[in-house]
There are 2 protein chains.
Amino acid sequence: MAACEKLIMENIRINNQRLLKNLADLAQIGATADGGVTRLAFSDEDIQGRNWFAERVKSPGFDYATDGAANQSAVLKSSHPDAKTLIVGSHLDTVFNGGRFDGALGVLAALEAAQTIQDQEIPLPFHLEVINFTDEEGSVMGEFGSHALTGAMTEDQLENPRGGRDALVAGMQNLGISEATALGARRNPAEILGFFELHIEQGMRLKNENLDIGVVTGIVGIRSEWITFRGKANHAGTTPMSVRQDAVMGAAEFMVKARDLTNEKFNPAVLTCTQIESKPAAFNIVPNEARFALEFRHGTEDLLDEMMIDLKNLGHTIASRLNLEFEWDDASDCRAAPAAENMLVALESAANNLGLSHQRMMSFAGHDTQMMSNFVPSAMFFVPSEAGISHNPKEYTQDKDVINGANVMLQAILECAKQ
Amino acid sequence: MAACEKLIMENIRINNQRLLKNLADLAQIGATADGGVTRLAFSDEDIQGRNWFAERVKSPGFDYATDGAANQSAVLKSSHPDAKTLIVGSHLDTVFNGGRFDGALGVLAALEAAQTIQDQEIPLPFHLEVINFTDEEGSVMGEFGSHALTGAMTEDQLENPRGGRDALVAGMQNLGISEATALGARRNPAEILGFFELHIEQGMRLKNENLDIGVVTGIVGIRSEWITFRGKANHAGTTPMSVRQDAVMGAAEFMVKARDLTNEKFNPAVLTCTQIESKPAAFNIVPNEARFALEFRHGTEDLLDEMMIDLKNLGHTIASRLNLEFEWDDASDCRAAPAAENMLVALESAANNLGLSHQRMMSFAGHDTQMMSNFVPSAMFFVPSEAGISHNPKEYTQDKDVINGANVMLQAILECAKQ
């Protein structure tokens with residue numbers, strides 16, 4: 001590429017007003033009284049959102065298609081004979097009374113980037129596919145569309161979705177798909193160049209450090225466990241402290257020390273204890289059982305394994321000292337998903353082209369990129385969330401950051417064209 | 001009293017076989033398959049137990065009476081013109097699938113002591129009243145009979161008994177009493193000389209130190225509270241550890257530090273945390289609420305006040321550091337009940353007369369003596385419980401300890417006669 005051509009490319013920008021209007025228009029579908037959005041996957045509002053998207057990609061003349069998992073794609077075809085496909089996008093579904101940016105920004109910024117490339121008549125050496133993944137938020141299953149596209153979907157998942165089997169069956173029927181079509185939606189990774197996803201940060205790191213762009217080095221793995229301490233029920237008056245087998249005290253010590261271990265040894269990992277319950281339901285009996293949910297997230301499987309070993313040792317040590325039993329039951333496991341270095345470099349070059357400040361960081365939330373990273377070279381990037389608020393009507397990202405995000409998406413696509 | 005007469009008195013012993021047979025006979029009423037007893041207050045089994053008691057006291061010719069709270073009394077009358085009444089006894093009701101000794105031993109040992117005094121034709125300067133208190137265990141209210149007798153019963157307690165208002169109304173009807181008769185059952189303390197209660201220890205201290213008799217210096221006060229920590233629900237992935245307002249972590253820290261404080265500063269006090277629950281019910285949300293029951297017991301109201309201040313300070317300190325709210329709600333309060341020194345001395349003299357080893361100790365469980373101590377000079381004493389087990393079919397006290405207990409009761413009554 002000639003220096004002059006390169007300079008021209010780096011000066012291309014998206015159409016700000018078109019992007020902001022699309023965001024505002026889409027937010028009307030499923031709008032709630034307090035400014036939020038409820039567009040649950042598989043619902044009527046989801047279908048309205050999908051129809052809006054299908055209609056919206058008609059005028060630029062993109063090739064429109066859906067797959068067996070109801071993922072929607074709008075493709076800007078390349079004339080190159082050996083063209084692979086670069087996929088860009090996110091999801092249009094929301095949580096109940098969620099915000100206007102989570103997911104929607106990623107799809108609409110990708111669409112805006114594609115439309116800008118078409119407007120400017122820039123020939124790409126790859127097909128550019130803007131995607132809307134089905135049910136990222138997990139109204140019924142979670143990352144449904146990206147599980148299907150990457151071939152990670154299993155019959156077992158379809159049998160036991162978190163929203164219940166009946167909701168899944170009815171939902172698939174709503175969208176005109178079936179278990180069989182979803183399981184058959186796997187794409188051939190050899191035909192895919194890579195994947196980019198833009199998302200709001202849903203955290204405070206960019207705001208706190210006054211950064212424009214977070215370049216996501218990977219999505220944390222999540223280990224979810226059920227922890228149980230068992231002791232011996234006994235009279236809460238006549239049983240001296242020194243001889244108690246108090247299950248609640250075992251749980252409490254574990255939680256405090258697990259938190260301290262996480263902070264001291266595994267920073268920036270996170271660890272959360274929830275849903276604690278104890279037995280029996282009496283003021284005056286030393287509790288013989290305490291059970292709680294433990295969830296911890298870290299950047300690589302190796303680090304998660306190390307945390308798990310340390311946490312299990314901690315539990316056994318406490319149980320042994322307090323004369324309790326300690327049980328660790330795996331509830332679920334979501335693998336860490338590191339980004340592809342070439343895709344990270346493309347994002348950083350794009351931000352540099354735009355004069356935007358950026359920093360590498362991990363994502364502590366799950367996204368479709370998690371599935372895509374283990375399938376094709378992928379990377380995602382963040383723009384700031386005001387006050388870090390998300391999954392909430394108050395979710396907000398400033399116009400300038402919306403525009404920055406779409407321009408980084410545009411420039412990253414063009415960076416890939418240079419490679 | 002002449003030296004010779006004193007020696008004769010100190011050599012009087014109860015009828016071992018009669019006492020053991022009474023214990024065995026009574027244990028048949030409400031007997032459970034695994035050797036325990038279910039004789040819940042106000043139930044048909046309770047009525048059978050009461051009928052057995054009323055029948056049992058006929059042949060010695062005791063004056064039998066019941067009061068407005070259905071407390072049963074068998075009185076050995078004194079011929080002394082200014083005779084007050086010494087009350088001795090405990091309760092015949094049990095918990096669900098409880099043991100054969102808790103309560104029953106106290107009533108039957110008192111009865112055996114009275115019958116021995118009658119057999120030996122020993123004139124007493126006071127009326128000797130063997131009592132069976134109604135609903136000590138709290139199937140419906142707890143220490144019902146002793147609340148009524150001491151005038152501590154309130155209309156509010158009758159409105160909100162722990163077993164529910166309906167159970168109380170039906171139960172009182174079963175026993176032929178009413179709210180009005182119960183509230184009217186208060187006795188005149190000026191006419192009562194004092195109260196002794198024998199009970200099994202329900203703990204391990206006597207066994208551990210190889211002692212025969214525990215002389216109870218007082219019954220601990222019990223403070224019951226509901227503790228709530230409130231924080232902020234947030235994404236369990238994207239919220240860094242350092243900025244969380246995690247209510248469960250606040251509760252866990254409080255529980256561990258409250259236990260340590262109790263052990264280090266307030267030994268032998270006991271502290272128990274139970275019934276913990278947290279919100280919301282999700283793996284992936286930092287919990288915004290944790291609530292649990294806190295109960296602590298110590299020997300005097302002053303010590304309980306000091307513990308309460310320290311525990312409240314602890315809660316506020318933790319809440320402040322973790323950016324949480326801390327709530328302390330009083331659930332109930334049972335006043336500490338110190339024994340009367342002259343009654344303790346009588347018990348110690350009795351044990352000395354019998355050559356039994358004894359030690360002063362606190363009671364960490366509630367008993368009718370708790371109500372009686374704040375009404376008339378009272379004291380209770382313990383005999384060993386095998387393995388400290390109680391409220392359980394495995395509850396067991398050896399025959400020799402049963403007999404020791406009844407002999408101490410007999411000798412303590414005779415010690416009072418000397419005073």
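Conventions used here
- Residues numbered from 1 in each chain as written.
- Chains lettered and ligands numbered in written order.
- Predicted model: local features only at pLDDT ≥ 70, side-chain atom pairs only at ≥ 80, totals over all residues.
- Heavy atoms only, no water.
- Helix = DSSP H or I, 4+ residues; strand = E, 2+ residues; numbered from the N terminus.
- Rg over C-alpha atoms; globule rule 2.2 N^0.38 Å.
- Buried < 20%, exposed > 50% of the residue type's maximum accessible area, 1.4 Å probe, protein only.
- Contact = heavy atoms within 4.5 Å.
- Areas by Shrake-Rupley, 256 points an atom, 1.4 Å probe, with all protein chains shown as cover.
- Lys, Arg positive; Asp, Glu negative; His and termini not counted.
- Charge placed at Lys NZ, Arg CZ, Asp CG, Glu CD.
- Buried area = accessible area lost by both parts, 1.4 Å probe.
- Salt bridge = Lys/Arg side-chain N within 4 Å of Asp/Glu carboxyl O.
- Polar contact = N/O pair within 3.5 Å; in protein donor to acceptor, adjacent residues only side chain to side chain.
- Nonpolar A, V, L, I, M, F, W, Y, C, P; charged D, E, K, R; others polar.
- Domains from an automatic or database assignment.
- Phe/Tyr/Trp six-rings, centres within 6.5 Å; stacked < 30°, edge-to-face > 60°.
- Lys NZ or Arg CZ within 6 Å of the ring centre and 35° of its normal.
- Least-squares fit on C-alpha atoms with pLDDT ≥ 70 in both.
- Pairing = 2+ DSSP bridges.
- Axes fitted to C-alpha atoms, helices over the stretch in contact; angles between N-to-C directions.
- Left-handed = near helix turned anticlockwise from the far one by under 90°.
- Right-handed = clockwise from strand over helix to strand, strands pointing away.

S.K.: When you look at the overall build of chain A in this model, what are you seeing that I'm missing?
M.R.: Along chain A, the regular secondary structure elements total 14 helices and 15 strands. Its C-alpha atoms give chain A a radius of gyration of 24 Å, near enough to 22 Å, the size a compact globule of 419 residues would have. Along the first, second and third principal axes, the C-alpha set of chain A runs to 85 × 45 × 45 Å. Sorting the 419 residues of chain A into buried and exposed places 60% on the buried side. For chain A, the proportion of contacts with a sequence separation of at least 24, taken over those separated by at least 6, is 79%. In the structure as shown, chain A presents an accessible area of about 16,000 Å², 48% of it carried by carbon and sulfur atoms. Averaging the locations of the 34 positively and 57 negatively charged side chains of chain A gives two centres separated by 3 Å.

S.K.: Mind showing me how you'd approach the interface of chain B and chain A here?
M.R.: It is common to give the size of an interface as the accessible area that goes away when the parts come together. Between chain B and chain A, the residue contacts involve 49 residues of the former and 49 residues of the latter. Here chain B packs against chain A, burying approximately 3,900 Å² in sum over the two surfaces, 64% of which is carbon and sulfur. Sorting the residues of chain B by area buried against chain A places B:M241, B:M249 and B:F283 first, and these three jointly supply 19% of that buried surface. Remark: the boundary between chain B and chain A carries 2 salt bridges. In this assembly, chain B and chain A are joined by 16 residue pairs in polar contact (both at pLDDT 80 or more). In the side of chain B that touches chain A, the residues fall into 27 nonpolar, 14 polar and 8 charged.

S.K.: What is the right way to look at the side chain of A:T116 in this model?
M.R.: Relative to the elements of secondary structure, A:T116 occurs in helix α4 (residues 104-119). Once residues lying within four places of it in the same chain are set aside, the contact partners of A:T116 are A:I12, A:R13, A:I14, A:N15, A:R18 and A:L410.

S.K.: Would you explain the side chain of B:D46 in this entry?
M.R.: All names here are of chain B. Relative to the assigned elements, D46 resides in helix α3 (residues 44-56). Exposure remark for D46: the relative accessible area of 4% places this residue in the buried category. Those residues in contact with D46, other than ones at most four positions away along the chain, are R39, L40, A41, D93 and L175.

S.K.: Looking at this model, I keep getting lost on the domain arrangement of chain A. Mind explaining?
M.R.: Residues and elements named next belong to chain A. Split by domain assignment, chain A resolves into domain 1 (3-220 + 336-418) and domain 2 (221-334). On a C-alpha basis, the centres of domain 1 and domain 2 stand 38 Å from each other. Each partner contributes to the interface: domain 1 provides 8 residues, whereas domain 2 provides 11 residues. Across the domain 1 to domain 2 interface the summed buried area is about 670 Å²; carbon plus sulfur atoms make up 64%.

S.K.: Help me understand the packing of aromatic side chains, please; the structure alone is not making it clear to me.
M.R.: The description of two aromatic rings rests on the distance between their centres and on the angle between their planes. All names here are of chain A. Under the counting rule described, the total for this entry stands at 18 aromatic pairs over all chains. Measuring from ring centre to ring centre gives 5.9 Å for F254 and F326, while their planes differ by 35°; the resulting arrangement is tilted. Of this pair, F254 sits in helix α10 (residues 247-265) while F326 sits in strand β12 (residues 325-334), and the two are 72 residues apart along the sequence. The class of F254 is buried, set by a relative accessible area of 0%. For the pair F296 and W328, a centre-to-centre distance of 6.3 Å together with 55° between the ring planes defines the contact as tilted. Taken together, the residues F296 in strand β11 (residues 289-298) and W328 in strand β12 connect sequence positions 32 residues apart. Assessed through its relative accessible area of 13%, W328 is described here as buried. Within the aromatic cluster, the residues linked to one another by ring pairs are F229, F254, F292 and F326. The side chain of R291 reaches across the aromatic face of W226, ending 3.9 Å from its centre.

S.K.: It is not clear to me how the relation of the copies chain B and chain A should be interpreted in this structure. Could you clarify?
M.R.: These two copies of the chain differ by a rotation about an axis and a displacement along the same axis. In screw terms, the move from chain B to chain A is a rotation of 180° and a rise of 0.2 Å along the axis, fitting with an RMSD of 0.2 Å. The operation mapping one copy onto its partner corresponds to a two-fold rotation axis. Among all residues of chain B, the minimum C-alpha distance to the rotation axis is found for B:A252, at 2.2 Å. Both copies share a contact surface, since 100% of the interface residues of chain B are interface residues in chain A too.

S.K.: Explain the pairing of strand β15 (residues 378-383) of chain B to me, please; I cannot follow it from the model alone.
M.R.: A regular strand places its side chains on the two faces of the sheet in alternate fashion. Residue and element names in this part refer to chain B. Counting buried residues in β15 gives 6 out of 6 residues, a clear majority hidden from the surface. Relative to β15, strand β5 (residues 192-200) runs parallel, the two sharing 6 bridges. Within the sheet, the bridge partner assigned to L198 lies in β15 and is F381. Relative to β15, strand β6 (residues 213-219) is paired through 3 bridges, and the arrangement is antiparallel. Bridge pairing links V216 to M380 in β15.

S.K.: Would you take a moment to explain the environment of B:A236 for this structure?
M.R.: Tracing the chain through its elements places B:A236 in the loop between β8 (234-235) and α10 (247-265). Once the C-alpha coordinates of B:A236 and B:A282 are considered, the two residues, 46 residues apart in sequence, prove to be 9.7 Å apart.

S.K.: So what exactly am I meant to see when it comes to the packing of α10(B) against helix α11 (residues 301-322) of chain B here?
M.R.: To characterise two packed helices, one gives the angle between the axes of the helices and the distance between these axes. Residue and element names in this part refer to chain B. Two numbers describe how α10 lies on α11: the axes approach to 10 Å, and their chain directions differ by 145°. Helix-helix and strand crossings are classified by hand; for α10 and α11 the assignment is right-handed. Across the interface between the two elements, M249, G250, E253, F254, K257, A258, L261, T262 and K265 from α10 touch E306, M307, D310, L311, L314, G315, I318, R321 and L322 from α11. Taken together, the residues of the contact of α10 with α11 sort by class into 9 nonpolar, 3 polar and 6 charged.

S.K.: Would you take a moment to explain the pairing of strand β4 (residues 127-133) of chain A for this structure?
M.R.: Residue and element names in this part refer to chain A. Burial runs high along β4: 7 of the 7 residues are buried. The side-chain alternation of β4 yields two buried faces, one formed by H127, E129, I131 and F133 and the other by L128, V130 and N132. In terms of strand pairing, strand β3 (residues 85-91) meets β4 through 7 bridges, oriented parallel. Within β4, the residue paired with T85 across the bridge is H127. You can see the chain leave β3, run along α4 and come back into β4, and the turn it takes is right-handed.

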